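Next come the chains, spelled out residue by residue.
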Amino acid sequence: MARTTFLVDDLNPTERYKLTTGLIIPRPIGWIGTKSNDGVNNLAPYSFFNAVASNPPVLIFSTGVIDNQIKDSLANIRESGVFTANLVDHDLSVAMNKTAENLSPEIDEFTIAGLTANLFGSVDAPGVLEAKAVLECRAIREVLLGEGATRHVVTFGEVIAFHIDEKVLDGTKVNAQELDALGRLSGSEYATTRDHFNLDRP
């Protein structure tokens, strides 16, 4: 096998991004719902997103900070301390893509995407009523990574409540095909959880 080696220090930020997002695939998408102190709902997708613990359930998402400008999701979480993580399925892919645009804080992305903002009862942050799974979270930690003009803030959220479409459940077991979750590949490419196979654990 012939390999090409890249030393990270020799790469510019764009090249680092392309290699990272092209290799670490598929990445689940956390559709993060928040609300500002002024009562404006915000919804934005993050593919630097994953679960990191189960007892208690903890997830993370990472948002870019460019020239010290933070995104609305992070600003709102810093104000309120809470958010929702909504899972994107294939049917919601177009709506999700509409919320990826960097809009001003006064604009409600739920409205732009034709979605229903819903309070599920445990945190004061809106979830996507149309999503098959909504996780209500309390922010518990923030970690700053990187230096210079482009950095990342990783937010850790403890899941307070799961709200899941009964059609994807068998007790507490989730049917991945029914969930039909979207995963981010590189560029504008995505994958779903419809195709899968089994391996018995040794």
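Up top is the structure.
Residues numbered from 1 in each chain as written. Predicted model: local features only at pLDDT ≥ 70, side-chain atom pairs only at ≥ 80, totals over all residues. Heavy atoms only, no water.

## Concerning the sheet that holds strand β13 (residues 182–184)
Inference 1: Reading across the sheet, the 3 strands line up as β1-β13-β14 and stay open at both edges, with antiparallel pairing between neighbours. What marks the edges here is a single partner per strand, and that holds for β1 (27–28) and β14 (190–192).
Inference 2: With 2 bridges connecting them, β1 and β13 associate as antiparallel partners. When the bridges of β13 are listed, R27 appears paired with R184. (Pairing = 2+ DSSP bridges. Helix = DSSP H or I, 4+ residues; strand = E, 2+ residues; numbered from the N terminus.)

## Some thoughts on helix α2 (residues 72–80)
Inference 1: Those residues of α2 that fall on the buried side of the exposure criterion are D72, S73, L74, N76 and I77.
Inference 2: Buried residues belonging to α2 abut β2 (30–35), β3 (41–46), β5 (57–66), β6 (82–87), β9 (133–145) and β10 (150–164).
Inference 3: Within two residues after α2, G81 carries a phi angle of roughly 80°, on the positive side. (Buried < 20%, exposed > 50% of the residue type's maximum accessible area, 1.4 Å probe, protein only. Contact = heavy atoms within 4.5 Å.)

## Some thoughts on the pattern of salt bridges
Inference 1: For the coordinates displayed, the defined rule picks out 4 salt bridges.
Inference 2: A salt bridge links D124 to K35; its shortest N-O distance comes to 2.8 Å. Here the residue D124 occupies a position in the loop between β7 (117–118) and β8 (127–128), and K35 occupies one in strand β2, the gap between them amounting to 89 residues.
Inference 3: The exposure class of D124 is partly exposed, given its relative accessible area of 46%. (Salt bridge = Lys/Arg side-chain N within 4 Å of Asp/Glu carboxyl O.)

## Examining the sheet that holds β9
Inference 1: Taken in spatial order, the 7 strands of this open sheet run β3-β2-β6-β9-β10-β5-β4, and their pairing is antiparallel. Either end of the sheet is taken by a strand with one partner, and the two such strands are β3 and β4 (49–54). Each neighbouring strand pair of the sheet contributes to a mean axis angle of 35°, computed without reference to strand direction.
Inference 2: Taken together, the 5 bridges between β4 and β5 define a ladder with antiparallel strand orientation. Note that in β5 the partner of A53 across the bridge is V58.
Inference 3: Running over the sheet, α2 touches β2, β3, β5, β6, β9 and β10 and is turned about 50° from β2. (Axes fitted to C-alpha atoms, helices over the stretch in contact; angles between N-to-C directions.)

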